[in-house]
Amino acid sequence: MFSHAAYPAVRHRRLRQADWSRRLVAESVLTPNDFIWPVVVHDGSEDRIPVASMPGVDRLSVPEVAKAAREAASLGIPAIALFPHIDGAAKDAYGTQATNEAGLIPDAIKAVKDAAPGLGVMCDVALDCYTDHGHDGLMEDARILNDATIERLVDQALMQVRAGADIIAPSDMMDGRVGAIRGALEATGHHDTLILAYAAKYASAFYGPYRDAVGSAKALKGDKRTYQMDPANGDESLREVASDLAEGADMVMVKPGMPYLDIVRRVVETFRVPTFAYQVSGEYAQLMAAARNGWLDEERAILESLMAFKRAGCAGVVSYFAPRAAKLLG
Ligand code: PBG
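A quick note: this is a predicted structure, and the numbers were derived from the prediction, not measured.

A. Seen up close, the packing of aromatic side chains. What the rule picks out here adds up to seven aromatic pairs. Ring geometry for Tyr-198 against Tyr-278: centres 6.2 Å apart, planes inclined by 35 degrees, an arrangement best described as tilted. Of this pair, Tyr-198 sits in strand β9 (residues 194-201) while Tyr-278 sits in strand β11 (residues 275-279); the two residues are 80 residues apart in sequence, bridging distant segments of the chain. Taken as a pair, Tyr-198 and Tyr-278 share a single burial class, namely buried. Here the aromatic rings of Tyr-202 and Tyr-260 are separated by 4.3 Å at their centres, their planes lie at 20 degrees, and the arrangement is stacked. One end of the pair, Tyr-202, is in the loop between β9 and α6 (208-213); the other, Tyr-260, is in the loop between β10 (251-255) and α8 (261-271), and 58 residues separate them in sequence. Its relative accessible area of 0% is what places Tyr-202 among the buried residues. Here the aromatic cluster, defined as three or more aromatic residues joined through ring pairs, consists of Phe-83, Tyr-198, Tyr-210, Tyr-278, Tyr-284, Tyr-320 and Phe-321.

B. Up close: the site of the ligand. Near the ligand, the surroundings consist of 18 residues, among which Ser-171, Lys-224, Lys-255, Ser-281 and Tyr-320 are the closest. Contact distances for the ligand include 3.0 Å between a nitrogen atom and a side-chain N or O atom of Asp-128. Within the contact set of the ligand, a nitrogen atom lies 2.7 Å away from a side-chain nitrogen or oxygen of Ser-171. Across the complex, the protein chains shield 100% of the 400 Å² of accessible surface that the ligand would expose by itself. Across the shell around the ligand, the residue classes break down as eight nonpolar, three polar and seven charged.

C. Layout of the pattern of salt bridges. Evaluated as defined, the whole model comprises 19 salt bridges. Here Glu-71 makes a salt bridge to Lys-327, at a shortest N to O gap of 3.1 Å. Of this pair, Glu-71 sits in helix α2 (residues 62-75) while Lys-327 sits in helix α11 (residues 322-329), and the two are 256 residues apart along the sequence. Residues participating in the shared-partner salt-bridge network are Arg-48, Asp-58, Glu-64 and Lys-67.

So, how was this worked out
Residues numbered from 1 in each chain as written. Predicted model: local features only at pLDDT ≥ 70, side-chain atom pairs only at ≥ 80, totals over all residues. Heavy atoms only, no water. Phe/Tyr/Trp six-rings, centres within 6.5 Å; stacked < 30°, edge-to-face > 60°. Helix = DSSP H or I, 4+ residues; strand = E, 2+ residues; numbered from the N terminus. Buried < 20%, exposed > 50% of the residue type's maximum accessible area, 1.4 Å probe, protein only. Near = heavy atom within 4 Å. Polar contact = N/O pair within 3.5 Å; in protein donor to acceptor, adjacent residues only side chain to side chain. Areas by Shrake-Rupley, 256 points an atom, 1.4 Å probe, with all protein chains shown as cover. Nonpolar A, V, L, I, M, F, W, Y, C, P; charged D, E, K, R; others polar. Salt bridge = Lys/Arg side-chain N within 4 Å of Asp/Glu carboxyl O.

What follows is the structure, given as structure tokens:
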């Protein structure tokens with residue numbers, strides 16, 4: 001591959017000299033088709049509540065989520081991902097609200113489907129938005145219980161699918177949850193429900209602003225290092241992805257995004273399955289903070305950060321920038 005001629009026969013700048021020649025040889029393209037837009041829905045009466053650490057991101061009421069869904073559809077964004085912010089008083093150790101058929105998420109799913117029937121709806125499967133301890137699983141003393149949690153997650157996923165969710169996205173990192181959810185979907189006739197597994201999800205500092213957004217930051221006791229991955233590990237991500245694919249995931253995700261592009265690349269090259277990255281809340285906050293200080297060109301930095309995922313081989317990216325970027329690209 002690299003045995004070609006040398007300078008001056010080779011001048012790399014020839015292809016860069018004009019806009020037309022740069023466009024002609026571009027290796028990656030970024031379009032609105034590449035985005036999943038994460039949206040936080042809340043159960044209060046206010047239309048929109050700004051998230052302080054994420055300038056430009058608001059928690060939305062259910063009617064506002066319906067509007068967001070129409071906006072996503074009109075911008076050509078394929079799918080929206082719903083995250084709940086519920087009243088702290090409704091949280092308990094069991095995450096009871098996670099499986100409430102009359103809860104916030106099923107309401108939001110129905111509102112989105114009514115507003116934009118052609119838009120894909122993705123739902124997170126995990127208990128952290130519903131537990132008073134802020135963990136993704138059930139706790140016994142200081143331990144997170146794997147198998148007991150899976151039973152809750154299966155019920156949560158089935159509830160979401162009955163409400164109309166198209167993509168089930170387990171983000172909890174329990175072992176065996178993808179297989180359990182896939183088995184339950186098959187057994188209940190939901191043969192066509194997609195699973196996008198948060199397969200390589202790291203115990204990361206970059207989730208901070210999200211925990212504010214969904215109201216789990218204050219609740220969280222301890223950290224998530226017994227179930228989310230150690231940032232030191234790369235090979236282990238391949239074992240995680242292999243397990244989730246064997247258990248029935250259609251697509252896999254690496255999370256966070258930019259600090260883990262090496263993992264994205266290894267997963268893409270190893271498995272050649274649709275691979276996504278989650279450009280998480282902390283990445284969004286980092287970029288916006290610099291831009292708001294005048295230290296970065298905001299629009300260029302947004303698009304460059306998103307293009308990085310395409311260059312790394314992602315099928316798409318979950319990003320809070322989705323509507324902004326879609327408008328910039330349009
Ligand atoms: C948890 C979940 C998290 C995010 C999505 N689902 C955070 C966590 O694991 O604590 C993070 C999203 C973000 O930071 O943007 N089930």
